[in-house]
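# What the coordinates show
If you want the building blocks of each chain, they are given just below.
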Amino acid sequence: MPKDSPFESAEETRDVYKPSRATRIFTIWRKLKTSKLAVAGFGIVLIITIIAIFAPLLAPYDTTWTGRSRRPPSMEHLLGTDASGRDMLSLIMYGSRVSLYVGIAAVSLEILIGIGIGMCAGYFGGIIDESLMRITDMIMTLPELPLLIVAVTFFEVRSIHIIVLVMGFLGWPYIARYVRGEFLSLRETTYVEAAKSMGAGSWRIIVRHILPNILSLVIVLATMDIPWYIFYEATLTFLGFGDPSSPSWGVLLEKGYLYLTTAWWMITFPGIALFFTSLGFNLFGDGLRDALDVTERGR
Amino acid sequence: MITVLVFTLIHIAPGDPAIAMVGRHGLSKEILEKLRTDYGLDQPIPVQYLIWVSKVVQGDLGYSYVSKRPVITMIGERIPYTLELMLAAEFISIAIAVILGVIAAVKHYSLADAVASVGALVGYSIPTFWVALVGLLVFSFHLGWLPLSGVITPTEFPSPVHAFYDHLTHLVLPAGVLVLGWTAYLFRMVRSSMLEVLRQDYITTARAKGLRERIVIYKHALRNALLPVVTYLGYSMGFLLSGAAVIEYIFAWPGLGDFLVTIANVRDYPTMMGAGSIIAIMVLLANLCADIAYAVVDPRIRYD
């Protein structure tokens, strides 16, 4: 094999320059830092995560605390108390755990299914692609909330995990579309052809050569989807399809609705918490998209 | 195909509709059995589906388990309200989004751009139903400017104009909340699409020809920038219906969304099946309209 053969150089580039993981994260961070909004988003996400993790340490009262009910915000209870005499601030802090769990769990599920299906469709093509995309389009055109309402009502039990499962199983289509789009274009690249000509199997090409390249796209999509799932859970709960035993922000809002005219703080603060969480993830996602230089060509 | 999915999903659901229909107490096994036979609930799911489809083709969506009325009539009463709400929200959103989007893109990096962009970010990060509740609290309850809920105040009106005005005041809040969320999306679409078009060579050419800026922007740029936005409008039906579900419920707006929430809470299967299918059909029709509109706006697109 001559020295300047492309095959040999493909092998060589491995040792030439391979930035370590830390370096790559640092590069992304440096790009992210150029946008103030993205940094703010990252900050909000970080704060909410810390609150969720350390809720028992940070919350001024525990969630069973009962004193006088429906007291307006005061120095003692910064955000007031709810109908059962629990401190709203503490409830919101504990609620962040459920809401974040919902967002992250549903998105993880959606990504697993989305990548799997997008990958199959994009890599194998043909009839597999055709039929998978039909199903994808079908689910994608249906409006999410009505679909979720119908889907959640099959289950006799009202459980937060079931809501997560339902959302994950209905949310994958558009991830699958993006992933398929990426696969279609990456499949034609020279380096995949090179890998193929060197005898790499489908599985190896998918895992080692294509997946790493769609990872950043998936991360961006995931970040921006988290607030949606938090919203959907809150909305479903609010409409009476939720799990009353998991004190998510949706449950707080549902309770607050009962006292809409007499206790404004019960509905105002959980909503603000939802808003900031969503804002944080959206800003962070926008920043990540720019930093990772993701072009959305899946559409 | 969608109906197969919805139908199967609804029917694998646990919870016996016969029991839901008559309440949990005080009925003997024989009566329950009879109800199941009467409504065809003892048949296997595929058979139930075929029976259902053959009736649907004849315009019969069955009867509600709860109110015992024909499903098609119940849905028929709801559709006009949903359409009214959605069309109002759609047109206002498009108008605001296009105007703001063009301004933001033309004056890129200006104060107006920054304010509008941050506004859009807030608009889509804010939970819709929460805005609805706060709006209700502030404008209807505390300020008393707008009515609390429903579509019209149940009184006598001196003239149809008064009645119409009263109806409009009922529309303001629900439509306004829908507009907030949808405008935020559309604005981002219009802005980014407009920015991309303004970077194209033919815009430079048009300017170099000495055309007035106004003509360059509205005739050359905007028309091309709106192409991707038009395809996006197809999704708007889904988006607005999604938002409408919760907003109609809050404002007691008697549309399809409120309907779905109510019947899902009582597991009224034939009605859910009907409402689900009608919603799906509406969304598909909207997508079809968007495809056609796309071909009209973009002469390069031809459907064979």
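What counts as what
Residues numbered from 1 in each chain as written. Chains lettered and ligands numbered in written order. Predicted model: local features only at pLDDT ≥ 70, side-chain atom pairs only at ≥ 80, totals over all residues. Helix = DSSP H or I, 4+ residues; strand = E, 2+ residues; numbered from the N terminus. Buried ≥ 20, exposed ≤ 12 C-beta atoms within 10 Å, placed from the backbone. Contact = placed C-beta atoms within 7 Å. Nonpolar A, V, L, I, M, F, W, Y, C, P; charged D, E, K, R; others polar. Expected span 1.5 Å × (residues − 1). pLDDT = per-residue confidence, 0-100.

## Looking at the overall build of chain A
- Counting secondary structure elements, chain A contains 13 helices and zero strands.
- Beginning at the N terminus, the succession of helices and strands in chain A can be written as α-α-α-α-α-α-α-α-α-α-α-α-α.
- Looking at chain A as a whole, 43% of its 299 residues qualify as buried.
- Within chain A, contacts between residues at least 6 apart in sequence are counted, and of these 70% link residues at least 24 apart.

## What about the interface of chain B and chain A?
- Listed by partner, the interface residues are 37 residues for chain B and 33 residues for chain A.
- Of all the secondary structure elements, the ones that give two or more residues to the side of chain B that touches chain A are α1 (2–12), α6 (111–125), α7 (128–142), α10 (213–250), α11 (256–265) and α12 (269–297) of chain B.
- Considering every element that reaches the side of chain B that touches chain A, the biggest residue donor is α12 of chain B, with seven residues.
- Class assignment for the residues of the side of chain B that touches chain A results in 29 nonpolar, seven polar and one charged.

## Concerning helix α8 (residues 160–171) of chain A
Residues and elements named next belong to chain A.
- With twelve residues, α8 should reach 16 Å at 1.5 Å per residue; the first-to-last C-alpha distance of 16 Å fits that figure.
- Within α8, the full set of buried residues consists of Ile160, Ile163, Val164, Val166, Met167, Gly168 and Gly171.
- Looking at the buried positions of α8, the neighbouring elements they touch are α5 (88–124), α7 (144–152) and α11 (202–241).

## Some details on the confidence of the model for chain B
Residue and element names in this part refer to chain B.
- For chain B, the average pLDDT comes to 76, and 76% of its residues sit at 70 or higher.
- Within chain B, helix α5 (residues 71–106) carries the highest mean pLDDT (86), whereas helix α2 (residues 17–22) carries the lowest (48).
- Below a pLDDT of 50 lies the segment residues 12–26, which in the model reaches 25 contacts outside its immediate sequence neighbourhood of four places, other chains included.

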